[in-house]
Amino acid sequence: QVQLVESGGGLVQPGGSLRLSCAASGFTFSMYTMSWYRQAPGKERELVAASTSAGGSTNYADSVKGRFTISRDNPKNTVYLQMNSLKPDDTAVYYCNAEWVHVFTNRKYDYWGQGTQVTVSS
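Residues numbered from 1 in each chain as written. Predicted model: local features only at pLDDT ≥ 70, side-chain atom pairs only at ≥ 80, totals over all residues. Heavy atoms only, no water.

Chemist: Lay out the overall build of the protein in plain terms, naming residues and giving numbers.
Modeler: Helices and strands together make up the secondary structure of the protein, namely zero helices and 11 strands. Of the regular secondary structure in the protein, the N- to C-terminal order runs β-β-β-β-β-β-β-β-β-β-β. Against the compact-globule benchmark of 14 Å for 122 residues, the protein has a radius of gyration of 14 Å, which places it among compact chains. Overall size of the protein, expressed as C-alpha extent along the three principal axes, is 50 × 25 × 25 Å. Within the protein, counting contacts between residues at least 6 apart in sequence, those at least 24 apart form 55% of the total. Carbon and sulfur atoms make up 47% of the accessible area of the protein, which amounts to about 6600 Å² in all. (Helix = DSSP H or I, 4+ residues; strand = E, 2+ residues; numbered from the N terminus. Rg over C-alpha atoms; globule rule 2.2 N^0.38 Å. Contact = heavy atoms within 4.5 Å. Areas by Shrake-Rupley, 256 points an atom, 1.4 Å probe, with all protein chains shown as cover.)

Chemist: I'd like to hear about the packing of aromatic side chains, residue by residue, with values.
Modeler: A complete count under the given rule lists seven aromatic pairs for this structure. Considering the side-chain rings of F27 and F29, the 6.5 Å spacing of their centres and the 35 degrees angle between planes classify their relative orientation as tilted. Overall, the relative accessible area of 14% leaves F27 in the buried class. Classification of F29 by relative accessible area gives buried; the value is 2%. Through a chain of ring-to-ring contacts, three or more aromatic side chains come together here, namely F27, F29, Y32, W100, Y109 and Y111. (Phe/Tyr/Trp six-rings, centres within 6.5 Å; stacked < 30°, edge-to-face > 60°. Buried < 20%, exposed > 50% of the residue type's maximum accessible area, 1.4 Å probe, protein only.)

Chemist: Lay out the state of the cysteines in plain terms, naming residues and giving numbers.
Modeler: Under the counting rule described, the total for this entry stands at one disulfide. A sulfur-sulfur distance of 2.1 Å marks the disulfide that ties C22 to C96. Its torsion about the S-S bond being -80 degrees, the disulfide of C22 and C96 is classed as left-handed. Taken together, the residues span a long stretch of sequence, with C22 in strand β3 (residues 18-25) and C96 in strand β9 (residues 92-101) at a distance of 74 residues. (Disulfide = S-S within 2.5 Å.)

Limitation: the analysis is restricted to geometry and does not speak to function.
Listed below in structure tokens is the structure:
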């Protein structure tokens, strides 16, 4: 059974830091692109950061570049999101996502966590 369990969210003051964790199970973690998305009230879900399985390539939304860092620990089946210099606009529910596309069939395997709330407020 596939599970993605996020943790580390909470309330933080502007300028502060948080580290989110996503513990995965039930699939071959190292094969998957692992991403963090977020959804603020009244807004669409948006990609924040992604870490590809091979080569360790990472990508970031322009709004978080230089402030957020995604990392993964394949032996521990865990992906992290270090968030620094947090702003009120970063307030959202943050979701962990795992995605893999079968190279021959193009079948997409796509899993989501339940989300963790991050609130940036003074």
